Amino acid sequence: MTTTQPENTSDDARPVNATFTLTMRGRHRPELRRAEAQARLRFAAAIHSMYAAEDVPGHHNLNEQAAVELAKDAYAQALADLIRGDAG
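Cut-offs and rules
- Residues numbered from 1 in each chain as written.
- Predicted model: local features only at pLDDT ≥ 70, side-chain atom pairs only at ≥ 80, totals over all residues.
- Heavy atoms only, no water.
- Helix = DSSP H or I, 4+ residues; strand = E, 2+ residues; numbered from the N terminus.
- Buried < 20%, exposed > 50% of the residue type's maximum accessible area, 1.4 Å probe, protein only.
- Contact = heavy atoms within 4.5 Å.
- Areas by Shrake-Rupley, 256 points an atom, 1.4 Å probe, with all protein chains shown as cover.
- Expected span 1.5 Å × (residues − 1).
- Core = buried A, V, L, I, M, F, W, Y, C linked by side-chain atoms within 4.5 Å.
- Axes fitted to C-alpha atoms, helices over the stretch in contact; angles between N-to-C directions.
- Parallel < 35°, antiparallel > 145°, perpendicular 65-115°, else oblique.
- Left-handed = near helix turned anticlockwise from the far one by under 90°.
- Nonpolar A, V, L, I, M, F, W, Y, C, P; charged D, E, K, R; others polar.
- Phe/Tyr/Trp six-rings, centres within 6.5 Å; stacked < 30°, edge-to-face > 60°.

Trainee: Run through the overall build of the chain, naming residues and quoting values.
Mentor: When helices and strands are tallied, the chain shows three helices and zero strands. Counting from the amino terminus, helix and strand elements in the chain follow one another as α-α-α. Residues counted as buried form 24% of the 88 residues belonging to the chain. Taking contacts inside the chain between residues at least 6 apart in sequence as the whole, the part at least 24 apart equals 57%. Roughly 6,300 Å² of accessible area belongs to the chain as shown, and the carbon and sulfur atoms make up 57% of that amount.

Trainee: Before we move on, could you go through helix α2 (residues 30–54) and cite the residues and values that matter?
Mentor: Helix length check: α2, at 25 residues, gives a terminal C-alpha distance of 36 Å against a target of 36 Å (1.5 Å per residue), a fit within 8%. Listing the buried residues of α2 in full gives L32, E36, A39, F43, A46, M50 and A53. Close packing links the buried residues of α2 with α3 (62–84).

Trainee: Describe the nonpolar core, naming the residues involved and giving the relevant values.
Mentor: One finds A39, F43, A46, M50, V68, A71, Y75 and A78 forming the largest nonpolar core, which totals eight residues. Listing elements by their share of this core, those giving two or more residues are α2 and α3. Not counting the four nearest positions on each side in its chain, V68 is found in contact with F43, A46, I47 and M50.

Trainee: Run through the packing of α2 against α3, naming residues and quoting values.
Mentor: One way to put it is that α2 packs onto α3 with a least axis distance of 8 Å and a crossing angle of 160 degrees. In terms of orientation, α2 and α3 fall into the roughly antiparallel class. Here the hand of the crossing between α2 and α3 comes out left-handed. Split by residue class, the contact of α2 with α3 holds 16 nonpolar, two polar and seven charged.

Trainee: I'd like to hear about the packing of aromatic side chains, residue by residue, with values.
Mentor: What the rule picks out here adds up to one aromatic pair. Pairing F43 with Y75 gives two aromatic rings, centres 6.1 Å apart and planes at 20 degrees, and the pair type is stacked. Here the residue F43 occupies a position in helix α2, and Y75 occupies one in helix α3, the gap between them amounting to 32 residues. Each member of the pair, F43 as well as Y75, is classed as buried.

Structure representation (structure tokens):
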């Protein structure tokens, strides 16, 4: 199964192709689907913590912002692994 997009693929078809690829990869590699879901949850939790820290008077949320960046990078890697079908 190939997941590369030909040059003439319309912008409208790309989300459909990505959805298909994610679905198929998730079926064939459930461990990658779980890793992606866990990374997404950690990313959401980091965002939640960052916004909660904003409401604390006198608190600068630089640590929380850094945690969001790290979680974002980890999520992007987990998503790329799932799309590739390999935890490379």
